[in-house]
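Tertiary structure, described
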Amino acid sequence: RSIPCRQKTMSSTSSDQQSPANTHTHTNNSSQLAILSSGPQLTPQFIKNLCKQQNLYQTPHLNDKLYLHHKGLRNLDSHGALLPYTNLRALWLEGNALKSLSGALQHLKQLRCLYLHQNLIEDISGLEGLEELRTLNLSQNRLSRIEAGTLSTWCPMLNNLNLAQNKFVSIEDLGDLCNLEHLSVLDLSDNKIDGDEETLVDNFLSKLKSLSVLYLKGNPVVNRIRSYRKVLISRIKTLQYIDDRPVFDDERRCAEAWALGGVKAEQEERKLILQEKRDKEKQDLNNFREWQRNARVKRLQKELEDKMRERIARLVRPMLYNFEAIAKQINDEFRNIDPNKDVALPIVDENFEMAPYEEIDAQKCRQLFVEWKDYPYEKREIPASWSAEQKAEYEKSESSMSD
């Protein structure tokens, strides 16, 4: 019985002796856990190191974009690290653990694109003063309400807004988004928005004058509105894309006909669209056939012109052998007028026409050419210098012309 007591006494004594070291170790572990739980600190040096890794400028105000995504950040304004980056136009902050923006972005007056998805943001305070902001992504956060007079006042030029996968439950939770005059892309998918057709369309969507792309799938209101897609297309004329597919002209015509006359009017409109397509196909076929006929006529005309050109060439070819004499005659006449003038010999191209080095030479040669053509056939003499082949070719051309 005494042995256990002795062991107990020894163990208690050893624990008392080691308690200071254990306490120091426990303190270090607690401090490390506190640092890990707070995440990395956004300091000026931290951002400069990132800029160096991403081949960005080390001088803050020269950067127009900054990548701070997936860094485990929990706070943005603890050290004022973003203050020197006044010329940023795009800022990536997704995939962090941000709960609020707390005024860390108000000085970014030129910011155009801001990506804050996949965070823990519960309110949009901190976006004040971003009057040039065009694109804002707040999807996959914890937003449950947007206060009236906030986003439409702070970011009046907003064009693309993504609020998917948040905690909105009604249209009233979206505040005054309908006052964003330039908003053309709105993503509200996978929330818990509920309501009726009047609340959704009349009181909200119809007031967005520039809305062209809308995502609403994954909300109870979609199942509550009967013929949901037709209602949106017929009531919102600017929509070009809804949820998973675009809005084509034929679908819009059918939806508008359905809104005016029900299913029967929609069926009549579909028949009319089908007939129009058939008429267009028929007209296209007729146009193609007309094009074929015109091309055939042009080809035949070209073939005829080529044949006539060949026959004329056969007639004119014998005269080409005497062009040197004609050129000499022209040069002699010009030298009689002006002996100091050097006149170039006429040049004949592949079309048996003279290339005019000087306009007066060409005119003179054409005149002689016309005179030679008009000379009676019976008075034309074959030059004595011609070879037998040249004479045979000339006689062949003469016989073809007589034919």
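The written sequence of each chain sets the order in which its residues are numbered from 1. Where totals are concerned, whole chains, interfaces and linings use all residues; where local detail is concerned, this predicted model gives features only for residues with pLDDT of at least 70, and gives and counts side-chain atom pairs only at 80 or more. The side-chain quantities take in all heavy atoms of the structure and omit both hydrogens and water.

Let us now look at the overall build of the chain. By definition, any uninterrupted DSSP run of H or I lasting at least four residues is a helix, any uninterrupted run of E lasting at least two residues is a strand, and each is numbered from the N terminus. Along the chain, the regular secondary structure elements total 10 helices and 11 strands. Burial here depends on accessible area, computed with a 1.4 Å probe over protein chains only, as a share of the maximum for the residue type. Under 20% is buried, over 50% is exposed, and the range in between is partly exposed. Counting across all 403 residues of the chain, residues that qualify as buried make up 34%. Here, two residues are considered to be in contact whenever any of their heavy atoms come within 4.5 Å of each other. A sequence separation of at least 24 residues applies to 55% of the contacts in the chain between residues at least 6 apart. Surface summary for the chain: the accessible area is close to 25,100 Å², and the carbon and sulfur share equals 51%. Where accessible areas are quoted, they stem from the Shrake-Rupley method and a 1.4 Å probe; at the residue level, only the protein chains shown are allowed to cover.

Here F204 lies in the loop between helix 4 (197-202) and strand 7 (213-215). Residues within four places of F204 in sequence aside, it is in contact with I171, L174, L177, C178, L186, L188 and T199.

Right, let's get into the packing of aromatic side chains. Aromatic contacts are taken between Phe, Tyr and Trp rings whose centres are within 6.5 Å, Trp giving its six-membered ring; a plane angle under 30 degrees counts as stacked, one over 60 as edge-to-face, and the others as tilted. In this structure the tally under the stated criterion is 4 aromatic pairs. Ring centres 6.1 Å apart and planes at 45 degrees place the aromatic pair Y215 and Y241 in the tilted group. Placement of Y215 in strand 7 and of Y241 in strand 8 (residues 241-242) is noted, with a sequence separation of 26 residues between them.

A few words now on helix 2 (residues 44-53). For helix 2, every residue scored as buried is listed here: I47, L50 and C51. One side of helix 2 holds all its buried residues, which, seen down the axis, span an arc of 100 degrees. What points out from helix 2, more than 90 degrees from its buried face, is the exposed set K52 and Q53. On the buried face of helix 2, the contacting elements are strand 1 (65-67). Phi turns positive one or two residues past the end of helix 2, at N55, with a value near 60 degrees. Here the arc refers to the directions that run from the helix axis out to each C-beta atom.

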